[in-house]
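Now for the letters of each chain:
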Amino acid sequence: MTTTQNRPTVRRSETSLITAADLPPHGHFVNGTFQGGQEAEAFDIVDPATEALIARVPNGAAADVENAVQAALAAKAAWGRLLPKARSEVLHAIADRIAENAEVLVRLEAANTGKPISAARDDVDGTVDTFRFMAGALRATTSMAAGNYAEDHLSLILREPLGVVGVVTPWNYPLLMAAWKLAPILAAGNTVVIKPSEQTPLSTLKLAELIADLIPAGVLNVVTGLGPVVGAGLTAHPDVDMIALTGSVNSGKAVARGAAESLKRVHLELGGKAPVVVFEDADLAETAAALRVASFYNTGQECGAACRILVQESVAEEFIGHLTREVEAIVVGDPGAGEDVEVGPVVSKAHFDRVAGFLERAAADGVRAAAGGAVLEGSGYFVAPTVLVDVPEGAECAREEIFGPVVTVETFATEEEAVRRANDTRLGLAASVWTESGRRGHDVAARLDAGTVWVNAHLVLANEVPWGGFKGSGYGRDLSIYALDDYSRTKHVMHNHAR
Ligand code: NAD
């Protein structure tokens, strides 16, 4: 494997972010307590910055899924019957408890994922806000007016919970993705069994520990383990009414197939390869500075990352100059090595090898690295922040989701070509347009095939607005009242009141 010549130095931290006292109890969280933690089979949780073992977590089996689903089933009637106000108060209490314990959650998340401490703090802040938003939103739901739509028949629309929802989450935002699912699912009156990523289960288990006394037993259950066992078990279970996954396209396909037999509802937030269309009239320096954040935030392990740049050829050289200077200034380091660390290690050895493979194949195909271009030496899974240029149309690095600190730059001649090439992908999660022209900003945004399109911005999110993909990026929406709708069912009740 090659290491980069002009490599950034990895800033190291002298102290560990966590101690044994910060770890959650060992076991699955089922029916209000941690249990079943004595399995001989457990898997290692590794700090990606140091490669040190930080915990061992139970490798869940079919029996653990069964226990958790039965607990969720037993709890669903009482939780679903609660008045909106009562459920809202529980969600507010959860938000307060997370905020009070933000500091330990930040350290745990950073230690388990390797993400910079500032990013981990954003995640915990976002988690609190998601619970607060859903606590409010659940008391303000609306539907069509009750009324006579057929002669002498009064129609009412009832909003009901679905029942038991299974959730499977990824490793890039373990706590935040859990919150994006749990808050609307609980707000809508469902009970839940969640399986965090086998690589990053600590913050989800810690959340369960922190809020155990706030929520009735069985309403929230956590089972740790592997996707094809625990995730697939939830997907196939006849008593699970819906399965929601945030993860890769392949896992999404496996879940959709597994859910077909029981015809349960499926909610999929999958991969992305966001095109970023930079027109010649954009403010190039500002665009490059904004993309430094939007492309490399969370070490580029972000489904909406601004990872595939298409720049108009007339300004390509100038833009690449700005972007390269920005990327070479990025501080790489351990999560605990300072507030200004922007890029940490990628999450695991397997992912490190995967990202390195993309870089090696790109180099072999004649793609040039204007910045970075290789992995970094020493302990931990560090990859140099990379800008790949001279990228031909259809190149692997511009087509596949690399999911690391790597951006590609392609060029285009006309607006028409930019739209065609930006949409020439199986994925459709996010995109952005950079231009000073109001007409062009609106027009191109409307023609891009992605669930979120930003104009002169990228990766700005808010709890009030929906997040989710088109095409191969899945279906269903996280955040906003649209998520509440996804986790509810509407029932029409019609009364004959003819005399
Ligand atoms: P992954 O698909 O490998 O794993 C995600 C989860 O799915 C894990 O918990 C895993 O155990 C589980 N899983 C794996 N196989 C399964 C199966 N057969 N049945 C049920 N569950 C199974 O994804 P990852 O590597 O953890 O995360 C990265 C991926 O997630 C990227 O593709 C990224 O784009 C995507 N992602 C999407 C969003 C979004 O909002 N659209 C957000 C974050 C991450």
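Keep in mind the model is a prediction, meaning the values are calculated, not measured.

Trainee: Looking at this model, I keep getting lost on the sheet that holds strand 14 (residues 308–312). Mind explaining?
Mentor: Think of a sheet as strands paired side by side through backbone hydrogen bonds, with each pair either parallel or antiparallel. If you trace the seven strands from one edge of the open sheet to the other, you get 16-17-18-14-13-20-21, paired in mixed fashion. Because the sheet does not close on itself, it has two edges, and the strands there are strand 16 (368–371) and strand 21 (452–455). Along the sheet, successive strands turn relative to each other by an average axial angle of 25°, direction set aside. Pairing of strand 14 with strand 18 (residues 406–412), which is carried by five bridges, proceeds in the parallel orientation. Following the sheet pairing, V311 is matched in strand 18 by T411. The strands touched by helix 10 (residues 316–328) are strand 13 (275–278), strand 14, strand 16, strand 17 (386–389) and strand 18; relative to strand 16, the strand with the most contacts, the crossing angle is about 60°.

Trainee: I would appreciate a short explanation of the pairing of strand 7 (residues 153–161) in the present structure.
Mentor: Taken residue by residue, a regular strand's side chains alternate between the two faces of the sheet. In this sheet, strand 7 lies alongside strand 6 (residues 147–150) in antiparallel orientation, the contact comprising three bridges. Pairing of N148 across the sheet is with L154, part of strand 7. Hairpin connection, strand 6 to strand 7: the antiparallel pair is bridged by two residues, and D152 has positive phi, about 60°.

Trainee: What am I meant to see in the packing of helix 2 (residues 84–100) against helix 4 (residues 117–137) here?
Mentor: The relative placement of two packed helices is expressed as an angle between their axes plus a distance between the axes. Where helix 2 contacts helix 4, the axes come no closer than 8 Å and their chain directions differ by 165°. Classified by the angle their axes make, helix 2 and helix 4 are roughly antiparallel. The interaxial crossing formed by helix 2 with helix 4 has left-handed handedness. The residues of helix 4 that touch helix 2, namely those facing S88, L91, H92, I94, A95, D96, I98 and A99, are V124, T127, V128, F131, R132, M134, A135 and G136. Partitioned by chemical class, the residues of the contact of helix 2 with helix 4 number 10 nonpolar, four polar and two charged.

Trainee: Would you mind showing me how to read the domain arrangement of the protein chain here?
Mentor: As a measure of interface size, the accessible area lost when the parts come together is often cited. Along its sequence, the protein chain is organised into domain 1 (20–270 + 473–492) and domain 2 (275–462). Taken over C-alpha atoms, the centre of domain 1 sits 30 Å from the centre of domain 2. Contacts between domain 1 and domain 2 engage 28 residues on the former and 31 residues on the latter. Interface area, domain 1 with domain 2, both sides summed: about 2,200 Å², of which 55% is carbon and sulfur. Summed over the shared surface of domain 1 and domain 2, the number is one salt bridge. Taken together, domain 1 and domain 2 are joined by 11 residue pairs in polar contact (both at pLDDT 80 or more). Listing elements by their share of the side of domain 1 that touches domain 2, those giving two or more residues are helix 3 (102–113) and helix 4. For the side of domain 1 that touches domain 2, the element with the most residues is helix 4, which contributes six residues. Grouping the amino acids of the side of domain 1 that touches domain 2 by side-chain chemistry returns 13 nonpolar, eight polar and seven charged.

Trainee: I tried to follow the site of the ligand on my own but got confused; where do I start?
Mentor: The immediate surroundings of the ligand are formed by 29 residues, with W171, E198, S248, S251 and E401 found nearest. Side-chain polar atom of W171 to an oxygen atom of the ligand: 2.6 Å apart, as the coordinates give it. Between an oxygen atom of the ligand and a side-chain N or O atom of S251, the distance comes to 2.5 Å. Protein burial of the ligand: of its 850 Å² of free accessible surface, 89% is covered by the chains. Elements with a contribution of two residues or more to the shell around the ligand: helix 7 (227–236), strand 11 (242–246) and helix 8 (249–260). Here the shell around the ligand is built from residues that sort into 14 nonpolar, 11 polar and four charged.

Trainee: Mind showing me how you'd approach the layout of surface pockets here?
Mentor: One simple way to see leftover space: roll a probe sized like a water molecule over the atoms. In this structure, the second largest pocket spans a volume of roughly 430 Å³. Forming the boundary of the second largest pocket are 23 residues, of which L176, W180, Y297, L459 and L461 lie nearest the centre. Sorting the residues of the lining of the second largest pocket by element identifies helix 4, helix 5 (174–187) and helix 9 (284–296) as the ones contributing at least two each. At six residues, the largest contribution of residues to the lining of the second largest pocket is made by helix 4. A breakdown of the residues in the lining of the second largest pocket according to their chemical character gives 14 nonpolar, four polar and five charged. Each of domain 1 (20–270 + 473–492) and domain 2 (275–462) gives at least three residues to the lining of the second largest pocket.

Rules and cut-offs
Residues numbered from 1 in each chain as written. Predicted model: local features only at pLDDT ≥ 70, side-chain atom pairs only at ≥ 80, totals over all residues. Heavy atoms only, no water. Pairing = 2+ DSSP bridges. Helix = DSSP H or I, 4+ residues; strand = E, 2+ residues; numbered from the N terminus. Axes fitted to C-alpha atoms, helices over the stretch in contact; angles between N-to-C directions. Contact = heavy atoms within 4.5 Å. Parallel < 35°, antiparallel > 145°, perpendicular 65-115°, else oblique. Left-handed = near helix turned anticlockwise from the far one by under 90°. Nonpolar A, V, L, I, M, F, W, Y, C, P; charged D, E, K, R; others polar. Domains from an automatic or database assignment. Buried area = accessible area lost by both parts, 1.4 Å probe. Salt bridge = Lys/Arg side-chain N within 4 Å of Asp/Glu carboxyl O. Polar contact = N/O pair within 3.5 Å; in protein donor to acceptor, adjacent residues only side chain to side chain. Near = heavy atom within 4 Å. Areas by Shrake-Rupley, 256 points an atom, 1.4 Å probe, with all protein chains shown as cover. 1 Å grid on protein atoms, 1.4 Å probe; cavity = no way out; pocket = protein on both sides within 12 Å on 5 of 7 lines; lining within 4 Å. Points joined across faces, edges and corners; volume = space filled by probe spheres on them.

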